[in-house]
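In case you want the letters, here they are:
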Amino acid sequence: MTLSPQAIASSWFNAFSAAFTVGDLDALAGLFLPDGWFRDLLVLTWDSRSLEGREKIKAFLSPTISGAQATDFKVEESSHLAPHTSFIPQIQTTDIEFGYTFKCSRGPGRGFVRLLADRDGDGEYRALTVMMMLSDLWGHEESPTLHLREDVAGVAGRNMQREFADWVKEVETKPYVLIVGAAQTGLHVAARFKQMGLPTLVIERTPRIGDVWRKRYLSLALHTPRKHHSCMHYQPFPDNWPQYTPRDKIADWLEQYAAVQDLVVWTSAELEPRPKYDSEKREWDVTIIRDGKEYKVRPAHIIMATGTLGAPYIPDVAGKDVFDGRVLHATLYNDPEEFTGKRVVVIGAGNTAIDICQDLALTGVGSVTMVQRSSTCVMSRDFMTDVMKHVFPEDVPLPIADFRNAGMPYGLLRKLNIKAEGYMWETQKGLHEKLRKGGIHVNMGPDGSGLFFLTLGRLGGQDKGGADLIAAGKIKVKHGVEIDHLTKAGVVFTDGSELPADVVILATGYLQMKETNRALLGDDIVDRTGELYGLDEEGELKASYRQSGHPGLWYATGDFYQSRFMSKILGLQLQARQLGIVD
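Residues numbered from 1 in each chain as written. Predicted model: local features only at pLDDT ≥ 70, side-chain atom pairs only at ≥ 80, totals over all residues. Heavy atoms only, no water.

In the nomenclature of an unreviewed UniProt entry, the protein chain corresponds to FAD/NAD(P)-binding domain-containing protein from the organism Dichomitus squalens.

1. Digging into the environment of Lys320
Within the element layout of this structure, Lys320 appears in the loop between β16 (309-312) and β17 (326-329). On the basis of relative accessible area, Lys320 is assigned to the partly exposed category, the value being 39%. A C-alpha to C-alpha distance of 18 Å links Lys320 and Gly496, two positions 176 residues apart in sequence. With near-sequence residues (within four places) excluded, Lys320 lies in contact with Val327 and Leu486. (Helix = DSSP H or I, 4+ residues; strand = E, 2+ residues; numbered from the N terminus. Buried < 20%, exposed > 50% of the residue type's maximum accessible area, 1.4 Å probe, protein only. Contact = heavy atoms within 4.5 Å.)

2. Details of the sheet that holds strand β10 (residues 264-266)
The parallel open sheet is built from 5 strands, whose spatial order is β10-β9-β8-β15-β29. The open sheet has two free edges, formed respectively by β10 and β29 (553-555), since each of these has just one partner strand. Averaged over all pairs of adjacent strands, the angle between their axes in this sheet comes to 25 degrees, without regard to strand direction. Relative to β29, strand β15 (residues 301-304) is paired through 3 bridges, and the arrangement is parallel. In the sheet register, Ile303 faces β29, and the bridge partner there is Trp554. Sitting on the sheet, helix α7 (residues 184-195) touches β8 (177-180), β9 (200-203), β10 and β15, and the angle it makes with β8 is about 160 degrees. (Pairing = 2+ DSSP bridges. Axes fitted to C-alpha atoms, helices over the stretch in contact; angles between N-to-C directions.)

3. Details of helix α1 (residues 5-22)
Note that an α-helix has 3.6 residues per turn; residues three or four places apart therefore point the same way. Taking 1.5 Å of rise per residue, 18 residues should cover 26 Å, and α1 covers 26 Å from first to last C-alpha, within 8% of that figure. Where α1 is concerned, the buried positions are Ile8, Ala9, Trp12, Phe13, Phe16, Ser17, Ala19 and Phe20. Projected onto a plane normal to the axis of α1, the buried residues spread over an arc of 165 degrees and lie on a single side. Structural note: α1 exposes Ser11 and Val22 on the side pointing more than 90 degrees away from its buried face. (Expected span 1.5 Å × (residues − 1). Arc of directions from axis to C-beta.)

4. Overview of the domain arrangement of the protein chain
Under the domain assignment, the protein chain is made up of domain 1 (5-134), domain 2 (161-310 + 512-579) and domain 3 (312-510). Computed from C-alpha atoms alone, the centre-to-centre distance between domain 1 and domain 2 is 32 Å. Counting from both sides, the interface comprises 12 residues of domain 1 and, opposite them, 11 residues of domain 2. Each partner contributes to the roughly 1100 Å² buried at the junction of domain 1 and domain 2, and carbon and sulfur atoms together form 54% of this total. Three residues stand out in domain 1 for area buried against domain 2, namely Leu42, Trp46 and Ser48, and they jointly supply 40% of the buried area on that side. Here domain 1 is connected to domain 2 by 3 salt bridges. On inspection of domain 1 and its partner domain 2, the count reaches 6 residue pairs in polar contact (both at pLDDT 80 or more). (Domains from an automatic or database assignment. Buried area = accessible area lost by both parts, 1.4 Å probe. Salt bridge = Lys/Arg side-chain N within 4 Å of Asp/Glu carboxyl O. Polar contact = N/O pair within 3.5 Å; in protein donor to acceptor, adjacent residues only side chain to side chain.)

5. Thoughts on the sheet that holds strand β24 (residues 483-486)
The 3 strands are arranged β24-β25-β26 in an open sheet whose pairing can be described as antiparallel. Whereas interior strands pair on both sides, the edge strands pair on one side only; in this sheet they are β24 and β26 (498-500). Averaged over neighbouring strand pairs, the angle between their axes works out to 25 degrees when direction is ignored. Of the strand pairs in this sheet, strand β25 (residues 490-493) and β26 are connected by 3 bridges, and their pairing is antiparallel. What sits directly across from Val492, in β26, is Glu498.

Below, the structure is given as structure tokens:
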């Protein structure tokens, strides 16, 4: 008799909850596939941890499981989280997935499970993944309503605007958290913290929220789809929103998001270099320069949300002083019309490089040549959109899609993608043929895991029409070389060849965020922090949304999904420190 997903999930989960409650590690390990994964988000430690394999899972649980005091395990019955079958495309396998809730010493928790039949064993269903996550701290649950304004609406005798102004003044003068940067990451974290009751001031160096987007090139649009990957927390885009959000539209949305969510943001404000940390009082001595005036604040925590990428990397190109043309970094490229009739050389072959080349090729430049030093991972935007829609289905509420996605450890996802390398090559065959015809060399990432994992380190590229222009010769390609020097009228490459040029655009990427902030924070602070961004040996983000190595200093990085979901993980860590639960 074939058992239903509900029956299979119930049988496995009863055994799991019983073993976890009494701390039977051998029984727990036996409920996982030999290469199964366990992810802990603040239930067993105050960190994000991912463990692969029964022995590592047992070793992790051994000193931690008793302190968690996890009880009252229940399978979710709500839509999209109740036991159901799903599909893992990389291995062409159907699994059984479900959410669950529990209680622990720190607060209420929830988790997510993926079960597969153990085809190399006895055929029983065992866990491919189990995630446990702390939802809230007892007595300090996240507010389900918009802070302040909604709470006092309609109450006779209450001056709502005055109360709000008083609250803003309190946050401005006594912030518990200072966030540096008011793009999507900083605003996500600030919105989450407000709902958690953490007084948070955000500073942004530009005159308007969203200016970091408005200053980019005119044709820029997000490469990820509107629903749900690129949405903002608490406030999704309307149904008639474009699939790929244009530059100014996302800028304006961020600006109104801060207003609607009642976030306290200072624009035209910068952190004065070298803030001091008082280890006895556990607070920072910070000076903020706002519109030329100095303001002193003493937050307990500083969160750097200045962008996953640091300052532009501008190589020292010999001959710039004799070159009659113009040399600029891609961050300064804006409008292709200013290059009409010009011979343009673009150094680099990532997302920005192909966007600029496509932009130029379609708007009347004399010629455009892209210089590719080594092979690049390129996948079509349509393919990546299909992947995103599988992970973030349009009929699943955004918080649920985020939660389910968090139940897939990056370390496992990388291995699944490597198994699917042949499939990815096949799906991209037509695109890659066009690119090769034009001289582009392609790869599927250094380990065959595809484009996504390159976004967690160095970047690759998504094609949205540039391959056709390359195949047609409208974008020329020079591969396997670097700039040696510039002459009066052009570029000389390391192979001795020369190319006439009027404009050289350096799409050469960015410095690491940590190093960019060195001048701001000082060597004594930065040198105490660990590596930033990318994945550690367990597959968790390095130093992002977790301890950086210096007390009171945190980093918020990554894409929309990461800041949306991990802002809660970061907030719980800060809240625990505020309440004295964590030293």
